[in-house]
Amino acid sequence: PFAARGALRAALPAWLLWGGARDLLRHCRQPIFGVTTPQMYLKLAGCWTGGHEENVRFQSINVNHGPGPSRWWAVGARHAPRLRALVRREFGVDVYSRESEGNWWPDARWLRARGVPVRTGLQRAGDVVVLRGGTLHWVRALGPAAVATSWNFGRFDEAQFAESLERYDINNALTPR
């Protein structure tokens, strides 16, 4: 893993790097794997990551090392509240709850039919996907296998703080006391 980190640092522009001068998360007191430092994933064909929003609405950097591609689906942050409300109303599930987040797989046609725009794309070996904080997304490896590295990145701006605090409040409201 350390060699991979060195290779990533050498290959990527400074604005994408974890813990750099432009990353708000560099101020965390300790490393958090997959958040403040890269985390690697190995997915065989058909393996998926269910629908979720990134950690406290920080941006997500995702590098596909190959050999296989992955298909991504995403609902932008401004449409996420509509998706959440639809799923709550029609299925009684809160996509932000601890039990549900990462465990659901939305049907893009179902969402589009209800006015929720869904973007999709193919991430091939060497491609980097950067997601804005608050983007709901889900991913499927197409095979034969896909190795990916991901981490979060915090912007130094008022919007980042507001988005993170809003998700913090949602998490607290969903946590039983």
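Look up a bit, the structure's there.
Below is a short write-up of the structure. (Residues numbered from 1 in each chain as written. Predicted model: local features only at pLDDT ≥ 70, side-chain atom pairs only at ≥ 80, totals over all residues. Heavy atoms only, no water.)

**Topic: the packing of aromatic side chains**
Applying the stated criterion to the full structure yields 5 aromatic pairs. Consider the rings of W18 and W151, whose centres lie 4.8 Å apart with planes at 70 degrees: the pair is edge-to-face. In this pair, W18 sits in the loop between helix 1 (2-11) and strand 1 (39-44) while W151 sits in strand 8 (residues 145-153), placing the two residues 133 residues apart along the sequence. Taking the relative accessible area as the measure of exposure, W151 reaches 1% and is therefore buried. (Phe/Tyr/Trp six-rings, centres within 6.5 Å; stacked < 30°, edge-to-face > 60°. Helix = DSSP H or I, 4+ residues; strand = E, 2+ residues; numbered from the N terminus. Buried < 20%, exposed > 50% of the residue type's maximum accessible area, 1.4 Å probe, protein only.)

**Structural notes on a nonpolar patch on the surface**
Among the surface-exposed residues, W15, V128 and V130 lie close enough to one another that they form a single nonpolar patch of about 240 Å² accessible area. Structurally, W15 can be placed in the loop between helix 1 and strand 1. (Patch = residues over 30% accessible without salt bridge, like charges linked within 9 Å, V, L, I, M, F, W, Y side chains within 5 Å. Areas by Shrake-Rupley, 256 points an atom, 1.4 Å probe, with all protein chains shown as cover. Salt bridge = Lys/Arg side-chain N within 4 Å of Asp/Glu carboxyl O.)

**With respect to the nonpolar core**
Counting residues in hydrophobic clusters, the biggest one holds 17 residues, and the most contacted among them are V75, L83, L111, V118, L136 and W138. Of all the secondary structure elements, the ones that give two or more residues to this core are strand 4 (70-75), helix 2 (80-91), helix 3 (108-113) and strand 7 (136-141). Looking at this core, the element that brings in the most residues is helix 2, giving 4 residues. Those residues in contact with V75 that lie beyond four places of it in its chain are A80, L83, L111, V116, P117, V118, G134, T135, L136 and W138. (Core = buried A, V, L, I, M, F, W, Y, C linked by side-chain atoms within 4.5 Å. Contact = heavy atoms within 4.5 Å.)

**Points about the environment of G6**
Following the sequence through the fold, G6 ends up in helix 1. G6 gets classed as partly exposed once you look at its relative accessible area, which sits at 42%.

**Considering the sheet that holds strand 8**
Reading across from one edge, 1-8-3-6 is the order of the 4 strands in this open sheet, with antiparallel pairing throughout. Edge positions in the sheet fall to strand 1 and strand 6 (128-131), since each of these pairs with one other strand and no more. Here the average twist between neighbouring strands, direction ignored, is 25 degrees. Here strand 1 pairs with strand 8 via 6 bridges, running antiparallel. Paired with Q39 across the two strands is S150, which belongs to strand 8. (Pairing = 2+ DSSP bridges. Axes fitted to C-alpha atoms, helices over the stretch in contact; angles between N-to-C directions.)

**So, helix 4 (residues 158-174)**
Note: α-helices contain 3.6 residues per turn, so residues at a spacing of three or four share the same orientation. Between its first and last C-alpha atoms helix 4 spans 25 Å; for 17 residues at 1.5 Å apiece the expected length is 24 Å, and the two agree. Among the residues making up helix 4, those that are buried are Q160, E163, S164, R167 and I170. Down the axis of helix 4, the smallest arc covering the buried residues is 120 degrees, so these residues share one side. Exposed residues pointing more than 90 degrees away from the buried face of helix 4 are listed as E158, L165, D169 and A173. On the buried face of helix 4, the contacting elements are strand 3 (59-67), helix 2 and strand 8. (Expected span 1.5 Å × (residues − 1). Arc of directions from axis to C-beta.)

**Section: the side chain of H137**
Along the chain, H137 turns up in strand 7. Judged by relative accessible area, H137 falls into the buried class, the value being 1%. There is a polar contact of 3.2 Å between the side chain of H137 and the backbone oxygen of T135. Setting aside its immediate chain neighbours within four residues, H137 contacts G50, G51, H52, E54, W72, W73, A74 and L131. (Polar contact = N/O pair within 3.5 Å; in protein donor to acceptor, adjacent residues only side chain to side chain.)

**Thoughts on the side chain of S70**
Mapped onto the secondary structure, S70 falls in strand 4. Once residues lying within four places of it in the same chain are set aside, the contact partners of S70 are N64, G121, L122, Q123, V139, R140, A141, L142 and A146.

**Description of the pairing of strand 3**
Burial analysis of strand 3 places 7 of its 9 residues in the buried class, which makes it a mostly covered element. Pairing between strand 3 and strand 8: 8 bridges, direction antiparallel. Looking across to strand 8, one finds that Q59 is bridged to F153.

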